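# Notes for the structure review
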Amino acid sequence: MSTYPPCLAQELETYGQKPSGDLEWDRMVLDVMKTRAAQAEPWKALHTQAVRMAQRESRATQTLPDFSNKEVYNAHANFLIHIANRVLAPQRRTFIIDDDNKAVIRFLLLYFNGSPLCEEVFPDRGYKLHKNILLQGGVGVGKTMLMQIFSEYLRQTNSPRAFINVSVTQMVNYYSIHNDIDSFLYNIKGSRCFEGTPLNLCLNDIGVDNRPFYGIDTNTIVHDFLHARNEIWSSHCDFDRKFAHLTTNLDNDKLKEKFGQKDYYGRIIDRFKTYNVIPMTGQSRR
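Computed from a predicted structure; not experimentally measured.

### Quick look at the pattern of salt bridges
Counting across every chain of the model gives five salt bridges. In this structure, arginine 36 and aspartate 31 form a salt bridge, with 3.9 Å as the shortest nitrogen-oxygen distance. The partner of glutamate 152 in a salt bridge is arginine 155, with the nearest N and O atoms 2.8 Å apart. With glutamate 152 and arginine 155 both in helix H6 (residues 143-156) and three residues apart, this pair spans about one turn of that helix. Here glutamate 152 falls in the partly exposed class, since its relative accessible area comes to 22%.

Have a look at this one:
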């Protein structure tokens with residue numbers, strides 16, 4: 001909207017219309033108003049919907065903090081540490097920020113608050129705000145702990161990007177009881193028709209456990225999860241996108257090996273392109 005021509009907004013106003021923020025669409029609508037007023041009704045009806053979409057997006061954006069303000073960022077960064085120490089208190093541990101996790105924490109703090117500034121933290125890696133998160137690293141480096149901390153932080157700040165932390169073991173156990181994993185996917189039960197109400201979540205430790213259950217192994221269930229969640233992720237607009245974050249102990253080669261075994265067309269491996277794959281380094285923090 002910063003490059004949106006004020007004159008276009010003013011011209012739309014003369015025809016009783018508000019700008020949608022989409023320059024090309026608004027110009028077409030204005031042209032119809034000017035040159036084909038008798039045929040403008042369907043354009044007006046659709047333009048009303050375009051404006052409503054823009055208003056929904058604006059409301060979603062307004063609920064997120066402005067991290068271009070240094071004091072806003074500092075307040076949230078310190079509140080995150082406060083939350084982290086409360087999460088770790090039962091283990092009699094304190095949250096430690098060091099060279100192995102400092103930049104990752106900054107990226108995630110910006111990312112989970114919907115700030116495009118996150119893309120500048122690792123400029124050479126091509127991370128994007130609209131992609132999911134895949135934390136990758138050795139046992140004990142703090143992947144799951146970090147996602148638990150951010151899950152609680154986002155819950156406490158009433159963020160629309162809040163997510164639920166679950167493990168592969170929980171998902172497999174759910175499958176063993178219900179014979180499906182719908183609650184982890186579309187969450188259709190109790191909804192109208194096939195709308196579903198999918199939730200943002202993080203599935204921890206993919207690719208490690210592979211316990212067979214009545215002929216269905218863990219990898220098959222995780223395959224189904226990744227396929228379905230990618231469909232959910234790609235079917236929503238940016239301001240209403242539903243995320244499925246991941247953590248894993250496997251590096252890129254082992255992920256390809258693990259999920260390429262039953263994936264003859266390479267679809268699962270291709271799905272990982274929708275993730276910001278973030279390596280975490282260092283020794284075990286346990």
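### A short note on the environment of serine 176
As for its position among the elements, serine 176 is in helix H7 (residues 168-178). For serine 176, the side chain forms a polar contact with the main-chain oxygen of asparagine 173, separated by 2.6 Å.

### Section: the environment of glutamine 170
Along the chain, glutamine 170 falls in helix H7. Taking relative accessible area as the criterion, glutamine 170 reaches 44% and is therefore assigned partly exposed. For the pair glutamine 170 and aspartate 253, spaced 83 residues apart in sequence, the C-alpha to C-alpha distance is 26 Å. The contacts of glutamine 170, once residues within four sequence positions are left out, are Asn165 and Phe184.

### A few points about H7
Residues that lie three or four places apart on an α-helix share one face, since the helix turns once every 3.6 residues. Looking at H7, one finds that the buried residues are Val168, Met171, Val172, Tyr174 and Tyr175. Projected onto a plane normal to the axis of H7, the buried residues spread over an arc of 155° and lie on a single side. Tucked inside the fold, the buried residues of H7 contact strand E2 (164-167), strand E3 (201-204) and helix H8 (218-234). One or two steps after H7, the chain reaches asparagine 179, where phi turns positive at roughly 60°.

### Examining the pairing of strand E4 (residues 244-248)
For E4, the tally of buried residues reaches five of five residues, placing the bulk of the element in the interior. Side chains Ala244, Leu246 and Thr248 project from E4 onto one buried face, and the interleaved His245 and Thr247 project onto a second face that is buried too. Here three bridges tie strand E1 (residues 132-137) to E4, and the two strands are oriented parallel to one another. Each bridged residue has a counterpart across the sheet, and for leucine 135 the counterpart in E4 is threonine 247. Two strands pair when backbone bridges link them, and E3 and E4 are joined in this way by three bridges, in the parallel orientation.

### Description of the sheet that holds strand E5 (residues 275-280)
Strand order in the open sheet formed by five strands is E2-E3-E4-E1-E5, and the pairing between neighbours is parallel. What marks the edges here is a single partner per strand, and that holds for E2 and E5. This sheet shows a mean twist of 20° between the axes of neighbouring strands, independent of strand direction. Judged from the four bridges that link them, E2 and E3 form a sheet pairing that is parallel. Among the inter-strand pairings, isoleucine 164 is bridged to a residue of E3, identified as leucine 201. Sheet contacts for helix H5 (residues 102-112): E1, E4 and E5; angle to E1, the most-contacted strand, approximately 165°.

The rules we used
Here, residues in each chain are numbered from 1, in the same order as that chain's written sequence. This being a predicted model, a pLDDT of at least 70 is required before a residue's local features are given, and a value of 80 or more before pairs of side-chain atoms are given or counted; all residues contribute to the totals for chains, interfaces and linings. Side-chain calculation: all heavy atoms of the structure are included, whereas hydrogens and water are not. Think of a salt bridge as a Lys or Arg side-chain nitrogen and an Asp or Glu carboxyl oxygen that are within 4 Å of each other. Helix numbering and strand numbering both begin at the N terminus, where a helix is a DSSP run of H or I of at least 4 residues and a strand a DSSP run of E of at least 2. Residue exposure (1.4 Å probe, protein chains only): buried if accessible area is under 20% of the type maximum, exposed if over 50%, otherwise partly exposed. Any pair of nitrogen or oxygen atoms within 3.5 Å is treated as a polar contact; in protein, a donor-acceptor pairing is required on top of that, and neighbouring residues in sequence qualify only through side-chain atoms on both sides. Here, two residues are considered to be in contact whenever any of their heavy atoms come within 4.5 Å of each other. Within this analysis, the arc is defined by the directions that extend from the helix axis to the C-beta atoms. Paired strands are those between which DSSP finds at least two bridges. To get an axis, a line is fitted to the C-alpha atoms, and for a helix only the part in contact is used. The angle between two axes follows their N-to-C directions and goes from 0 to 180 degrees.

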